[in-house]
Amino acid sequence: MSQRVDQSLVREVEKFGKGSWNECFHCGNCTAICPLTEEGFLFPRKSYRAMQMGLKQTLASGLEPWLCYYCGDCSTSCPRDANPGETMMILRRYLTSVYDWTGLSKKFYTSHWWEFIFVLILAVIMVILFGFINPNPVDYTLTAEGSVRINAMFPIKWVELGDWAMAILVASLLISNILRMWYKTVIQDKSVKVSLFSYIREFYLLVVHFITQKRFSKCEDKNYWLSHWFLMTGYSIMFAVIVVWLPWFQTEKVYLWYEPQRLLGYYATFGLLFGLIVAGVGRIRKKGVKFRFSHISDWLFIVMLFLTTVTGILVHIFRINGMVEATYISYIVHMAVLVPMVIVEVPFSKWSHLAYRPFAVYFANLKKSGQPVKASVQS
Amino acid sequence: MEEVKIGVYVCWCGTNIAKMVDVEEVAKEIGKYPNVVIARDYKYMCSDPGQELIINDIKKLGLNRVVVSACSPRIHELTFRKALEKAGLNPYLFEMANIREQDSWVHTDRVEATRKAKDLVRAALHKVLFHEPLSERTVEINPATLVIGGGIAGMSAALEIAGAGKKVYLVEKMESLGGMMARLDLTFPGLESARDNLQLTVARVMKDPNIEVYTNTVIRDIFGYVGNFECIISPNFKEDISLQFGNVVVATGLKTFDPSVIPEYKYGQLPDIYTSHEFEGMLTSGRIVRKDGRPPENVAIIHCVGSRNRNYHEYCSRVCCMTALKYANQLRSALPEANIFEIYADMRAMGKGCEELYSLSSRRKIMFLMFDQQGPLPVIRKAGSRDKCDYLITLQEKLSGQDIEVPADMVILMVGTEAREDAKEVAHQVGISMCGNAFFIEKHPKLDPVATTTNGVYIVGSCQGPKDIPDSISQARAAAARILGTIAQGSVTVEVTTANVNEELCCGCQTCIKVCPYTAISFKEEEKVSFVNEILCKGCGTCGSACPTGAITCRHFTDRQLINQIEGLMRMDVEPELKEV
Amino acid sequence: MENKPKLKLAVYWGAACGGCCVSVLDVHEALFDVIAAADLVFWPIALDFKYKDVEAMPDKHIDITLFNGAVRNSENENMARLLRQKSNILIAYGSCAHMGGIPGLANMYDKASLFRRVYIESESTVNENGTLPQPRYEVPEGVLTIPEFYNDVRTLDQVVPVDYYLPGCPPQTERLVEVFMAVVKGEALPPPGSVVGAREKTLCEECDRKKSDNKVIKKIYRPWEIYDDGETCFLEQGVICLGPATRGGCGARCIKGNSPCRGCYGPPSESIDPGAKMMSALATMIDAKEPEEVEKILEDLADPSGTFYRCSIPASLLRRKMIT
Amino acid sequence: MAGDKTTGIIFYHPDAAFYQSDAYAAIRDYAAGLPGVRSVIDGLEVDLSCLDTLASVIKKHDPARVVIAGVMPGLIKSAVARVLSETGKDPGNIRLVDWSVLHGLNGQWLELTKAMLASAVAGMMPEECLIPSRHPVHPDTLVIGGGIAGIQASLEVADAGRNVILVEKSGTIGGHMAMFDKTFPTLDCAACILTPKMVEVGQHSMIDLLTCTEVEAVTGVPGDYTVSLLKRARRVNLATCIGCGTCAEKCPRTAPSEFDALTTHRKAIYIPFPQAVPNKYLIDPAHCTYVENGKCGVCVKVCPVPDCINLDEKDQRTEIKVGNIIVATGFQVFDAARVPQYGYGKFPNVLTSLEFERLVNAAGPTGGNITFRSQDKKGNWIFKGDSDTPSRVGIIHCVGSRDENHHPYCSKVCCMYSLKLAHLVKEKLPQASVYEYFIDMRAFGKGYEEFYERIKEEGVHIIRGRTAKVEERNGKLMMRSEDILNDRLIEQEVDMVILAVGLEPREDAAALAASLGISRSNDGWFAETNRCLEPSTTFTGGISIAGVCQGPKDIPDTVAQASAAAARVLQSLVSGEIAGSIKAVGLQTVEDQIKNK
Amino acid sequence: MEFQPKIIAFLCNWCSYTGADLAGTSRIKYAPNIRVIRVMCSGRVDPTFVLKSFTEGADGVLICGCHPGDCHYHEGNYKCLRRYHLLVKYIEQMGIRPERLRLEWVSASEGKIFAEIVNEMVQTVKALGPSEVKTVVETLT
């Protein structure tokens, strides 16, 4: 079935970031130099091409943008300065909006105001919630160890409840988007039929890729992978301890440095800081192709995550040193950054790649192991 | 007949020859032959004293044949011929034996090398015996030039020649000058005004007192040869005029391919499908609209129409890719919102500034779609009412590997170029040949791209093969250079060692006529003999060996000379003797 | 004319078919002029003279000898020498004396193989003992001799010096009469070694067929393989005709009989080999550029030596097949 | 006409910053003051790429005729034409003034731009107004560069009986063409057709051939140039050297042979190649022991001709007078080491096309055997005739060309020569597989497309897809490419890779352009006066350009252009006068011309 | 003493003769049995010359011309090719080994190839032994 070419798609995608849409003369250099591309999943050129020609369906059903980890080799060696790497980045944003049924993702990506205001509203809500509606008076008493009694000030049970509510909201949004991704990329692709067994057999990939990001390590420059891995693991650990094990993690007792809470917390903090600094400095210096074109949404994510981390550190320092007001204020700020970040980024924006990436690897392997319905391309 | 007196000179070339060949022995042995008046060996024959030696011997001893045995004749034949001339002897009464490049330098056995040297010198001796004095011949050049075709190539050639103050007759079949370029709006890659540039050229031609322009004129007949051509023309199809000129420039250009023979493109069946040349008209008028007056929202440009496809023409028409890019840019500025599609095969943007135009076009939101010009061609069909466009073009897109359809309200077919219908007639008139594609054949595809095998006839511009404006102009001027060269000399020297027909022997079988690549041989109907036009002959000698009667002799390489040379080579053991002349 | 003594004329045949002698008879009414001017002193086919009679003649007794036939055996050679000695003018008469002629084709074989074929293998032969001719054979009555059969066929001039050549197979009788009458009238004789009774130009000149420059051979035909239109040059129809490389003078009689020229009049003066020029011309006409194509076209040319040297193998540069 | 203010001038420049420059202010002021100019529109006020604003501005000013001036004004011509035709005006009244052709004419740029504008406003072509003065012409012609372009131009002029001084930097004429094996698409051998021309130059009585000579400075006016030449010491007497080669036989020093693209070694005293013209020896001072430290002198001792070799010879400067100059300096090939991903210089069997051209040449280092590079005793990588032959050869197109990282332009000849090289591999090694990776196949000339088809039929694998990198894996070279037309990723194992390197301006092109006073285009090639009508003339009168130094081109186009350059020379020599420099024509003259019209 | 054949070579001026010169300037060594006759074009080589060479005692005849398509005179080498094939057929019929007559295309850059051809041909002819033509013709006269 022939698809209609459509120049409007370029205009549509353009809203997700500034690319060099027509520079490419299709020499295939980018695909050939990419260490991650493989038979059946040729990119970046083919994704670029689908976008250029306006082949919406091809694009939506493609997993390729998620298989790219943006090492930038393609862009560096591109003979036409067409920047295929950035195009893949933009396509990831576009696809995020394609999977998102709420339409918010598209709003956030294509309008900064939408995103800012949404974040701001959430932040204000948090400040109001923690700062003004909180019925507890400021508790100046310290624990025996001399730390601030934060759990008393902000009842941990309520916070945990809120945590869970937020997690469920975010997770359900994300899962529904992942299901849509699955539907568009696996089910709608009529060229392969995936058996149930494959779903089970390939499942480990999801886990492995989530934890190791080992595809990224196939890129030429291993440093990117390392810093990204630190960031990811730090983030994941932090996420897990504050959402799932909050009561265990956030107690009034001050743990000794070798106790797991402290170690996990420090590792996560280190991982986050290291990853964020590398990404941030890289972006400021525009060192390396992948940092050359930073979208505002990238910045927002980095800044909010950075602020969350910093405020978290401050809460920690203030708390163990018994600085009551500083602790409470920093905690409110921490919440005012963290919550909007999680709600905006996890299902609708940059963060979601943490989920889409391993799923893409998983789906790609499903497709590979699936029965070809017919030869898709003649040779 | 005067007695033959031969001087033989054997060169040492320092040690180059002497090391491997006993030159003294060679000279001694050759000296024994009758008619050999003197046989010397000398260190450097090519040096001034060496040449003096020969000159003095010619003068003192009355030598009338000279043999030098030294290096390759490709190096010093001319040197020694000049020495003979200096001594007052005809330079062709000379023969060279190559005992360096083909003897001393390639052998390791001194005895064998010396033997070989003797053979070679003896062979030269036998050959030179039959040498005849030959004289350089020249043809006077009529300084006027005929240029056939008033396109940019023809005009450029005319201007270049006229600029040197020489007469040019410029004959154009159509009503006005300009040819194909007159149809263009802009030129590629600079997007300059074709019209301005053309008008400038036409004005210069019309103003030039040395150019006589005949428009609306056909050439009835051309006869003659280099330097002395004549033609009959009929200006405005009225009474005939005869013109005399020394050289001819053929600049008849080409014509465009008729796309109605390609069923897929439905040219002539659907209203808004245009050839590139029709589209130029729209660009000039500033009105790019459909037949019903609405501007198109989708414009598709299809490349390689009639080119690079065995069903039509196998060759590439060279200019269409760049023209198509030019259109894309012009469309983009005239219709900023329109979707523009370039359906191309290979983007041939190879001239100076062309790749840059391609990349500029790429940046201007033009969708490039690649098809296989040899595979199934794109098909244009009428769109349905819900398609929001007039036509749909379906094709297999090669860069995405997908079957796609392209919406279009207007389709521009980049028609290829082909030789004109009357090319054969022109070729016949001026005596040049055509290749399989009916373009005229140049004398040498690399080093002589504008001359033809017929002396004094030059082909320039697209009649030789498709080309763009600057290349056509370069060719036109190249021809002008050649013509100005001959005019400056006033005459051309023609080959000395030509073929010649002995009419006493020629039986008129006409075997030789087709053998000659230069059409130098013609058949004289009255005498029933062949005739070599020695102005056209280049002296290859192929006719001489094709002639079954022996009527054709090839000067300086006659049967007798060569047979004698063979005898000289082989008869080493017999008593030294030379046949009497 | 009456005052002059009559010329003494001799005609002899070597290895020949007799056609040349018949061509002499073909003078018809001109015979009276000949008889009036000449006495025939020797002509084995018509008059009963013996060798002895010739031997008895003083040297240079005969004014003109027409020697036809090639030199095939010792008798031919001896007679050639004898007649040379007794004749003022020795004319090689006809293709065989001139160039070896049809008997010259035997130079494609050697004596042994010819004998084997003729005396042993040929279908009509019964020769159980395999007896072969012996030049000398002793019988009780004495020694029998027959001429010795040579290994090669030679032209007359390869045996003795020849004054003139009168080519043809057989020569056009008119040419003979012309030459003869010229001698009789005492006209200046051409330089010795000349070909007389033939033209300097080759046959095409007197051939009436339409000729053009369109000599392009895509396939070689034998005459019976095409429908000859009777008008167009044979070569242009793909049929090998030796006319372009063969002296004229015969009146293009073969051509008029719709048969291509076989070259009996021999090559023109500039050719040192009778067939090479024609081979060269013919090859030039072949319309092919690839070696395979050329070979393919040449496949139809089964017998180059028999085609281009039909009447002239002994006079060719190679003279015979190399059998060692 | 001057009375009515009917002309609107639109300035168009792709770079908006230009509108802020002083130069632009001067041009704009000048234009506004020209007679007949009604209004000036530019990118400061109007987004010229927006049709609507353009339309409203044009409607507001309502000019009867429009002059669009700037860089590539043709880009908006059709927009203006559309607006004019929609408002009922004649779109035929649009004039374009493209001053980008003046690129590089620093001093004269403003004057000439004004002149072009003035003439366009007056309804004339610049060429009609910029009428150079006429000068008497010196009968001699200088040709710079002895490649095929220089050879052709020299012969063209000399055959007309005019004196030519042909200056060549190296020791022989012949240029790059002499290094080639075959020429596409007819596959005739380059030496067969070139060497007779070289010999002709060497023996021509009207050509004064100066090898080892460079042009240092040019002064004077068209028709009467004084050229200072630097004659590098050849150290071998051209007149007496007999080319015997004894000296080279005994010379102890070697150096890479330029003619063999550095794939073989020659002696320090050498003939560039056996068919060199002049066929005389020369000394490479960079590698001569005597020149270095005054010791050695073996060549002098063994030379059979007395006083032929003079190791102490010094460079000389001379001056000559000429009327015309033809510049035919050619090109240099792109340095493949600049594309590190192809591993040139790292892997011995990654070669440039020029190296392969020598390798496959019957007169080359291996006598035409295609063999691997191997190390000699001194450790140099060289070609030897008896080494192994490759069974798989990859050819990569567009190395250094069509690449924003290097040269954005297309080198024009690489596609065709690559096809030719593929054919030569197939011809010499019928069993070998050849993989050719291209982007767009540019088979544009007469017989080229047919040649392309023929090569395909010969079984060469022709793959659309640029090779991204060449790596070594298990001792084999691995080429990684996308096979775009077959939707595959190819990792092709090969034994040898040929890099189709592009052409680039010679290193010394800038210096030469400066001394000649000619301009260069953005990419460094010498610039012609008018891209459309004047492919071989320059703004400096009496100086023509020919061949690749003007832009990449194939041999026939080079030859045609060389002849075209000669045509202009002959025109002046035959008529006895020469046109002066266009750039020397003052604005006043132009204005006078316009007034007189 | 080893049999030293004599081979007559007809070389065209533009490609093959230049190629043979190149062998010299490149100092490539080859067997000394070759005797070169220069003609302007291989199309000039008349079968008469070849036959004459054989009767004069040549043990082999080599004809060299420009490669197909390269002829300085456009098509002379094709004429030569056709004559060569006919000639080979003829001499074979006349009992001369066809190996004694050889046609090769040698370009101006193929000095080495020329040397190889010569060496190869000398080897071939040596193996065939002396040509019988001259002896046969001599015994007849």
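These figures come from a predicted structure and were not determined experimentally.

Conventions used here
Residues numbered from 1 in each chain as written. Chains lettered and ligands numbered in written order. Predicted model: local features only at pLDDT ≥ 70, side-chain atom pairs only at ≥ 80, totals over all residues. Heavy atoms only, no water. Helix = DSSP H or I, 4+ residues; strand = E, 2+ residues; numbered from the N terminus. Rg over C-alpha atoms; globule rule 2.2 N^0.38 Å. Buried < 20%, exposed > 50% of the residue type's maximum accessible area, 1.4 Å probe, protein only. Contact = heavy atoms within 4.5 Å. Areas by Shrake-Rupley, 256 points an atom, 1.4 Å probe, with all protein chains shown as cover. Lys, Arg positive; Asp, Glu negative; His and termini not counted. Charge placed at Lys NZ, Arg CZ, Asp CG, Glu CD. Buried area = accessible area lost by both parts, 1.4 Å probe. Salt bridge = Lys/Arg side-chain N within 4 Å of Asp/Glu carboxyl O. Polar contact = N/O pair within 3.5 Å; in protein donor to acceptor, adjacent residues only side chain to side chain. Nonpolar A, V, L, I, M, F, W, Y, C, P; charged D, E, K, R; others polar. Expected span 1.5 Å × (residues − 1). Arc of directions from axis to C-beta. pLDDT = per-residue confidence, 0-100. Core = buried A, V, L, I, M, F, W, Y, C linked by side-chain atoms within 4.5 Å. Axes fitted to C-alpha atoms, helices over the stretch in contact; angles between N-to-C directions. Parallel < 35°, antiparallel > 145°, perpendicular 65-115°, else oblique. Left-handed = near helix turned anticlockwise from the far one by under 90°. Phe/Tyr/Trp six-rings, centres within 6.5 Å; stacked < 30°, edge-to-face > 60°.

The next subject is the overall build of chain E. Looking only at helices and strands, chain E features 5 helices and 4 strands. Each helix (α) and strand (β) of chain E, taken in turn from the N terminus, gives the series β-α-β-α-β-α-β-α-α. For 141 residues, the compact-globule formula gives about 14 Å, and the C-alpha radius of gyration of chain E, at 15 Å, lands near that figure. Referenced to the eigenvectors of the C-alpha coordinate spread, the extents of chain E come out at roughly 45 × 35 × 20 Å. Considering chain E as a whole, with its 141 residues, one finds that 73% of them fall into the buried category. For chain E, restricting intrachain contacts to residue pairs at least 6 apart in sequence, the fraction spanning at least 24 positions comes to 80%. For chain E, the exposed area adds up to about 3,700 Å²; of that, 52% sits on carbon and sulfur atoms. Looking at chain E, you have 17 positive and 15 negative side-chain charges, and the mean spots of the two groups are 4 Å apart.

Here we take up the overall build of chain A. Each helix and strand counted, chain A has 19 helices and 3 strands in total. Computed over the C-alpha atoms, the radius of gyration of chain A is 22 Å, within 12% of the 21 Å expected from 2.2 N^0.38 for a compact globule of 379 residues. Dimensions along the principal axes, computed over C-alpha positions, put chain A at roughly 75 × 45 × 35 Å. Buried positions account for 58% of the 379 residues belonging to chain A.

Glancing now at the interface of chain E and chain B. Every contact between the two is made by 44 residues of chain E and, on the other side, 43 residues of chain B. Between chain E and chain B, a total of about 3,900 Å² is buried, with carbon and sulfur atoms accounting for 58% of that surface. Seen at the junction of chain E and chain B, the total is 6 salt bridges. At the boundary of chain E with chain B, the tally comes to 23 residue pairs in polar contact (both at pLDDT 80 or more). Of all the secondary structure elements, the ones that give two or more residues to the side of chain E that touches chain B are β1 (7-12), α1 (16-25), β2 (34-39), α2 (47-55) and α3 (76-93) of chain E. The biggest single contributor to the side of chain E that touches chain B is α1 of chain E, with 7 residues. Of the residues that constitute the side of chain E that touches chain B, the class distribution is 20 nonpolar, 12 polar and 12 charged.

Chain D puts 103 residues into the contact, and the matching count from chain B is 98 residues. For the pair chain D and chain B, the two sides together bury roughly 7,600 Å², of which 53% comes from carbon and sulfur. On the chain D side of the contact with chain B, K446, C532 and L533 of chain D bury the most area, a combined 9% of that side's loss. At the junction of chain D with chain B, the criterion picks out 15 salt bridges. Salt-bridge contacts for E355 of chain B lead to R402 of chain D; the nearest nitrogen and oxygen are separated by 2.9 Å. Inspection of the chain D/chain B interface yields 39 residue pairs in polar contact (both at pLDDT 80 or more).

Inspection of the secondary structure puts S78 of chain D in helix α3 (residues 74-86). The class for S78 of chain D is buried, based on a relative accessible area of 2%. A polar side-chain atom of S78 of chain D sits 3.0 Å from the main-chain carbonyl oxygen of Q330 of chain B. Apart from the residues within four sequence positions on either side, S78 of chain D is in contact with Q330, S333 and A334 of chain B.

What follows deals with helix α12 (residues 414-428) of chain D. Compared with an ideal rise of 1.5 Å per residue, which puts 15 residues at 21 Å, α12 of chain D spans 21 Å between its outermost C-alpha atoms and is within 8% of the ideal. With respect to burial, α12 of chain D is a largely interior element, 13 of its 15 residues being buried.

Going from F43 of chain A to P44 of chain A, the amide bond is cis rather than trans, its omega being 5 degrees. Each neighbour pair has its own omega, and for F188 of chain B with P189 of chain B the value is -5 degrees, a cis peptide bond. Mapped onto the elements, P189 of chain B comes out in the loop between β8 (186-187) and β9 (192-193). Here the phi dihedral of K365 of chain B falls at roughly 55 degrees; this positive angle occurs in a residue that is not glycine. Here K365 of chain B lies in the loop between α10 (354-363) and β19 (367-370). In this structure, H556 of chain B is a non-glycine residue whose phi angle is positive, near 75 degrees.

What follows concerns helix α11 (residues 423-430) of chain B. Residue and element names in this part refer to chain B. For α11, the set of buried residues is A423, V426, A427, Q429 and V430. Projected onto a plane normal to the axis of α11, the buried residues spread over an arc of 160 degrees and lie on a single side. In α11, the exposed positions angled more than 90 degrees off the buried face are occupied by K424, E425 and H428. The inward-facing, buried residues of α11 abut β6 (145-148), β11 (217-225), β14 (247-250), β24 (417-419) and β25 (457-459).

With 99% of its residues at a pLDDT of 70 or more, chain E shows a mean pLDDT of 92. As a predicted assembly, this complex carries a pTM of 0.83 together with an ipTM value of 0.80.

Judged by nonpolar contacts, the single largest core of 282 residues is most densely connected at F308 of chain C, I269 of chain D together with L101 of chain E. For F308 of chain C, the contacting residues outside a window of four places in its chain are I240, L242, P274, G275, M278, M279, L282 and L301 of chain C together with L86 of chain E. Core analysis: the next-biggest nonpolar cluster, separate from the first, contains 131 residues, V98, V119 and L276 of chain A together with F257 of chain B among them.

Each pair of packed helices gets described by two things: the angle between the helix axes and the distance between those axes. Residue and element names in this part refer to chain A. At a minimum axis separation of 10 Å, helix α3 (residues 45-53) and helix α7 (residues 84-99) run at an interaxial angle of 65 degrees. By the angle between their axes, α3 is roughly perpendicular relative to α7. Helix-helix and strand crossings are classified by hand; for α3 and α7 the assignment is left-handed. Here α3 contributes S47, Y48 and M51 to the contact with α7, which in turn contributes P84, T87, M88 and L91. Here the contact of α3 with α7 is built from residues that sort into 5 nonpolar, 2 polar and no charged.

Turning our attention to the packing of aromatic side chains. The description of an aromatic ring pair uses the distance of the two centres, along with the angle that the planes make with each other. For the coordinates displayed, the defined rule picks out 52 aromatic pairs over all chains. Ring geometry for Y12 of chain C and F67 of chain C: centres 5.3 Å apart, planes at 50 degrees, overall tilted. One end of the pair, Y12 of chain C, is in strand β1 (residues 7-13); the other, F67 of chain C, is in strand β3 (residues 62-68), and 55 residues separate them in sequence. Put simply, the rings of W182, Y199, F203, F359, Y362 and F363 of chain A touch in pairs and so form one group of aromatic residues.

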